[in-house]
Amino acid sequence: MNRDAGEVKNGSMQARVIAEMRRRIIDGDVAPGASLSETVLADEFGVSRTPVREALKQLQTEGLVEIRPRVGTFVTTPSRREITELFEMKELIEGAAARLLAQRGRVPEIDSLERNLREADAAVEQDDRERYAALVQEFHDLLIAGSDNSKLQAHYRILMNQLAYSRLVNTSLSQPGRASQSDREHHLVLELILEKDGDSAERVMREHVRASRRALLAGLPVDGQRASAKPKPGPAGS
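*Asks:* What's the story with the overall build of the protein in this structure? I'm lost.
*Replies:* On a plain count of helices and strands, the protein comes out with ten helices and three strands. Burial statistics for the protein: of 238 residues in total, 43% are counted as buried. Contacts in the protein between residues at least 24 apart in sequence constitute 75% of all its contacts with a sequence separation of at least 6. Per element, the accessible surface of the protein, about 12,600 Å² overall, is 49% carbon and sulfur.

Next up, the structure:
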């Protein structure tokens, strides 16, 4: 194999490791604080340690892992302050997205949002928290897509990766009454978007994100205290 072909192959392997490890961390399959072993991951993916090492460096730049020299690599555990700061950015981005979508008129994302809310209403009525959590994520993703702003969308993806939102949304929705309140807030946001009231849509969307943040923080252990549930173990450290 010539040098160029080898570099392409390594790049492809690295991209595969990055995508899968990113998914595992964001979905909560690998718990915050879990140790990640280059050797174990290399064996699992059937690659050498080089693409694994480079993949972990990329995940560190995304804020998903922390590499501690001569100690190991660990899934990032965001502090309450970090979560607050990330939610402050989420509030700004999603508020802007609501405003931009309100300016666009009847675009395909509107139909998708209306379908999403019908399904969300049913999930709340049936107390199906897992289904509603998935619909919450879809609602926010549709809102971002509806902004029709590629730069906003790119920043949002990075932010959501750093938050590992999939594993946090269930904590927020575990608070009594939060699911039904969240559903009502989504309806109000869409009503204002349909009325083309960008100012109000942005304001209400930002209020919604703040309410979600409060519910989330109420369900998290105070920094320095252990959560009651044991985290899922990651691959053993080197």
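*Asks:* I tried to follow the side chain of E94 on my own but got confused; where do I start?
*Replies:* Relative to the helices and strands, E94 resides in helix α4 (residues 80-102). With a relative accessible area of 0%, E94 lands in the buried category. Among the polar contacts listed, one links the side chain of E94 to the side chain of Y156, at a separation of 2.9 Å. Other than its neighbours up to four places away in sequence, E94 contacts H140, L143, I144, Y156, M205 and V209.

*Asks:* Would you explain the nonpolar core in this entry?
*Replies:* One broad rule of soluble globular proteins: the nonpolar side chains tend to lie buried together. Judged by nonpolar contacts, the single largest core of 41 residues is most densely connected at F87, L101, L143, L163, Y165 and I193. The set of elements that each furnish at least two residues to this core consists of α4, α5 (108-125), α6 (129-146), α7 (150-163), α8 (165-173), α9 (178-194) and α10 (198-219). Contact partners of F87, with chain neighbours within four places excluded, come to L163, Y165, V209, S212, R213 and L216. Core analysis: the second largest hydrophobic core is formed by 19 residues, L36, A55, L59 and V65 among them.

*Asks:* Explanation requested: the pattern of salt bridges in the structure shown.
*Replies:* Tallying each qualifying case throughout the model produces 24 salt bridges. K90 is the salt-bridge partner of E94, the closest N and O atoms lying 3.0 Å from each other. Of this pair, E94 and K90 both sit in helix α4, four residues apart, which is roughly one turn of that helix. Of the two residues, E94 and K90, both sit in the buried class.

Cut-off values and rules
- Residues numbered from 1 in each chain as written.
- Predicted model: local features only at pLDDT ≥ 70, side-chain atom pairs only at ≥ 80, totals over all residues.
- Heavy atoms only, no water.
- Helix = DSSP H or I, 4+ residues; strand = E, 2+ residues; numbered from the N terminus.
- Buried < 20%, exposed > 50% of the residue type's maximum accessible area, 1.4 Å probe, protein only.
- Contact = heavy atoms within 4.5 Å.
- Areas by Shrake-Rupley, 256 points an atom, 1.4 Å probe, with all protein chains shown as cover.
- Polar contact = N/O pair within 3.5 Å; in protein donor to acceptor, adjacent residues only side chain to side chain.
- Core = buried A, V, L, I, M, F, W, Y, C linked by side-chain atoms within 4.5 Å.
- Salt bridge = Lys/Arg side-chain N within 4 Å of Asp/Glu carboxyl O.

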